[in-house]
Amino acid sequence: MPQQVTVTEHILLHQKLIPGATGQFTRLFNELVLSAKIITRAVTKAGLVDILGFTGDVNIQGEEVKKLDDYANRILIHRLARSGVLCAMASEENADIIEVPESLPRGDYIIIFDPLDGSSNIDVNVNIGTIFSIYKRKSDPQGPLMSSDVLQKGNEQVAAGYILYGSSTMLVFTSGDGVHGFTLDPSVGEFLLSHPNIRIPEQGKIYSVNEGYERYWDRDTKKALDYFKSPKNALRKPYSGRYIGSLVADIHRNLLYGGIFMYPADLRDPKKPSGKLRLTCECNPMAFIVEQAGGLATNGSTRILDIEPDHLHQRIPFFCGSLNDVRVVQEIFNAERRKKSR
């Protein structure tokens, strides 16, 4: 039987490759792993205990908070604050930056997370996940935390990953040296390396988008969709349409099989003219993972990892996946811009 590598062993073996790694990074990941195990237990029992449905609260995004959303958020904040290596956290569910109190040990790392992506699917037992993004503080640790410490470009991420809660629980992450996947073995209670050095195919066969909103898209986005549905493309036949509606699940499938995920800007909601997805807690970590696997992520005109956030809950259009497929979208958007500039 081949030797099994745990996620902690893997991180320790590769720690020297992580910029500024001192062992703090490993402690932070241990708390993430423990949080994932606790949330996994709650997810698998969600239909048996009172954690389905809504809490009655509305989060900063104006969305009704699911009970399991709230539970996952509280678990992550509680565990991560006690890792001793963070100075601040930010969650999709909280309006403001969460500074680690001075009564607890603190460090130089910052984590931004979506505690339970795809929560609209909780009650119907569809895959959901946790997304996280890790940065190193830039300002003087002895001084006050600056907003610029949290609002860093995606290309300054130290690490990023997601935890997928499905038929099995998987942790997929990158620290800038490729993408690796670990599957939770419940018999031993450990995440074991199951998908080393994940590479997304350069050419995909799948497009993932909610076509029900097509009437609200701009002309560029409609042209991009037409490309993937037409036989006049790189495949010489229409791509397969696959859309789960859970970002973690859709990205995970395309990461392994190849394809493109699209959540464009639309005109449905005047409060969300740039689309639904958040740059800091969703797009940046997913873009980092996909690029480390050989793919690409863009908002149509700019590489996602080059965008400087202007506020914590900023929303942007998102096109992410196989290199050739995302480049086609870029070419379509650039061609339209050139026409408009004439």
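Residues numbered from 1 in each chain as written. Predicted model: local features only at pLDDT ≥ 70, side-chain atom pairs only at ≥ 80, totals over all residues. Heavy atoms only, no water.

Time to look at the pattern of salt bridges. Applying the stated criterion across every chain, the model contains 12 salt bridges. A salt bridge links Arg278 to Glu92; its shortest N-O distance comes to 2.9 Å. Residue Arg278 is located in the loop between strand E13 (260–263) and helix H7 (279–292), and its partner Glu92 is located in the loop between strand E3 (86–91) and strand E4 (98–99); the two are separated by 186 residues in the primary sequence. With respect to burial, Arg278 and Glu92 carry one shared label: buried. The exposure class assigned to Arg278 is buried, which follows from its relative accessible area of 2%. Residues joined by salt bridges that share partners form a network here, namely Glu92, Arg278 and Glu282. (Salt bridge = Lys/Arg side-chain N within 4 Å of Asp/Glu carboxyl O. Helix = DSSP H or I, 4+ residues; strand = E, 2+ residues; numbered from the N terminus. Buried < 20%, exposed > 50% of the residue type's maximum accessible area, 1.4 Å probe, protein only.)

This part takes up the packing of helix H6 (residues 247–257) against H7. Interhelical geometry of H6 versus H7 gives an angle of 10° and a closest axis separation of 12 Å. One way to sum up the angle between H6 and H7 is to call them roughly parallel. Crossing geometry of H6 relative to H7 is assigned as right-handed. Residues Leu247, Val248, Ile251 and Leu255 of H6 form the contact with H7, whose participating residues are Glu282, Met286, Ile289 and Val290. Grouping the constituent residues of the contact of H6 with H7 by class yields seven nonpolar, no polar and one charged. (Axes fitted to C-alpha atoms, helices over the stretch in contact; angles between N-to-C directions. Parallel < 35°, antiparallel > 145°, perpendicular 65-115°, else oblique. Left-handed = near helix turned anticlockwise from the far one by under 90°. Contact = heavy atoms within 4.5 Å. Nonpolar A, V, L, I, M, F, W, Y, C, P; charged D, E, K, R; others polar.)

Below, the discussion takes up the sheet that holds strand E14 (residues 296–298). Two strands in a sheet stick together by hydrogen bonds in their backbones, pointing the same way (parallel) or opposite ways (antiparallel). An order of E12-E11-E13-E15-E14 is seen for the five strands of this open sheet, with the pairing classed as mixed. The outermost strands of the open sheet, each flanked by one partner alone, are strand E12 (240–241) and E14. Across two bridges, the pairing between strand E11 (residues 206–208) and E12 is parallel. Residue pairing in the sheet places Ile206 in a bridge with Ser240 of E12. Along the sheet, H7 makes contact with E14 and strand E15 (318–321), crossing E15 at roughly 25°. (Pairing = 2+ DSSP bridges.)

Right, let's get into the UniProt feature "binding site: Mg(2+) 2" (unreviewed entry) in the protein chain. When the UniProt feature table is mapped to this numbering, "binding site: Mg(2+) 2" (unreviewed entry) covers Asp114, Asp117 and Glu282. In summary, the annotated positions, though distributed over 169 residues, converge in three dimensions, the widest C-alpha pair being only 8.6 Å. Mapping Asp114 onto the fold places it in strand E5 (residues 109–117). If sequence neighbours within four positions are ignored, Asp114 has contacts with Glu92, Gly129, Thr130, Ile131, Cys281 and Glu282. Along the polypeptide, Asp117 turns up in strand E5. You can call Asp117 buried: its relative accessible area is 6%. Sequence-distant contacts of Asp117, that is, excluding residues within four places in its chain, are made with Ile128, Gly129, Ile131, Ser246, Leu247, Val248 and Glu282. (UniProt positions renumbered as here; feature names shortened; annotations may be inferred.)

Attention shifts here to unusual backbone geometry. A positive phi angle, close to 50°, is found at Asn197, a residue other than glycine. Accessibility expressed as a relative area gives 46% for Asn197, which makes it partly exposed. Located in the positive-phi region is Arg236, a residue other than glycine, with phi close to 65°. Checked against the element boundaries, Arg236 lands in the loop between helix H5 (219–229) and E12. Classification of Arg236 by relative accessible area gives exposed; the value is 63%.

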